[in-house]
Amino acid sequence: MATRAMESMQLADDQVQILERNFSTVSRHPDETTFMLIAAECGLTEEETQKWFRCRNAVWRQAEGLPAELGSVKD
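Note that the coordinates shown come from a computational prediction; the quantities given were computed from them, not determined experimentally.

(A) Inspection of unusual backbone geometry at higher detail. Although it is not a glycine, Q10 adopts a positive phi angle of roughly 50 degrees. Within the fold, Q10 resides in the loop between α1 (2-8) and α2 (13-25).

Shown next, in the form of structure tokens:
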């Protein structure tokens, strides 16, 4: 589901590269200032950038074997 949400955003390849680079090297959970800077670099709104990070975090959690939704890991 998160992958479809990311695909529906219709981002250019260079935008995805910038987002992925920031996700892997800066933070998976950027603060408001960092969101603003990433959004400006990509040419996206802060809301679009936050949506992409929410979806990308869900994909990352699923790949790690964790629940896709936010929350703590439960036994």
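(B) Layout of the packing of α2 against helix α3 (residues 32-42). Here α2 crosses α3 at 155 degrees, and the two axes come no closer than 9 Å. With respect to each other, α2 and α3 are oriented roughly antiparallel. Judged by the twist between their axes, the crossing of α2 over α3 is right-handed. Across the interface between the two elements, Q15, I18, L19, R21 and N22 from α2 touch I38, E41 and C42 from α3. Class assignment for the residues of the contact of α2 with α3 results in 4 nonpolar, 2 polar and 2 charged.

(C) Spatial organisation of the environment of M9. Here M9 is to be found in the loop between α1 and α2. The class of M9 is buried, set by a relative accessible area of 17%. It is 8.2 Å that separates the C-alpha atoms of M9 and W52, two residues lying 43 residues apart in sequence. M9 has contacts with E48, K51 and W52, leaving out every residue within four places of it along the chain.

(D) Spotlight on α2. For α2, built from 13 residues, the straight-helix expectation of 18 Å at 1.5 Å per residue is met to within 8% by its first-to-last C-alpha distance of 18 Å. All of the buried residues in α2 are Q15, I18, L19, N22 and F23. The buried side chains of α2 occupy one side of the element, clustering within an arc of 130 degrees when seen end-on. In this structure, α2 carries D13, Q17, S24 and T25 as exposed residues pointing more than 90 degrees from its buried face. Looking at the buried residues of α2, the elements they touch are α3 and α4 (46-63).

Cut-offs and rules
Every chain is numbered on its own, with residues counted from 1 as its sequence reads. pLDDT decides what is reported in this predicted model: residues at 70 or higher carry local features, side-chain atom pairs at 80 or more are listed and counted, and totals for whole chains, interfaces and linings draw on all residues regardless. In computing side-chain values, all of the structure's heavy atoms are included and hydrogens and water are not. Helix and strand definitions follow DSSP, with helices as H or I runs of at least four residues and strands as E runs of at least two, each counted in order from the N terminus. All axes here are fitted lines through C-alpha atoms, helices being fitted over the stretch that makes contact, and every angle between N-to-C directions spans 0 to 180 degrees. We call two directions roughly parallel when the angle between them is under 35 degrees, roughly antiparallel when it is over 145, roughly perpendicular when it lies between 65 and 115, and oblique otherwise. Crossings are sorted by hand: turned counterclockwise from the far helix by less than a right angle, the near helix makes the crossing left-handed, and turned clockwise it makes it right-handed. Between two residues, a contact is recorded if the distance between any of their heavy atoms is within 4.5 Å. Any residue that is not Ala, Val, Leu, Ile, Met, Phe, Trp, Tyr, Cys, Pro, Asp, Glu, Lys or Arg is counted as polar, Gly included; the first ten are nonpolar and the last four charged. Working definition: with a 1.4 Å probe on protein chains only, accessible area under 20% of the residue-type maximum means buried, over 50% means exposed, and in between means partly exposed. To estimate how far a helix should reach, multiply one less than its number of residues by 1.5 Å. Of all possible arcs, the one meant is that of the directions from the helix axis to the C-beta atoms.

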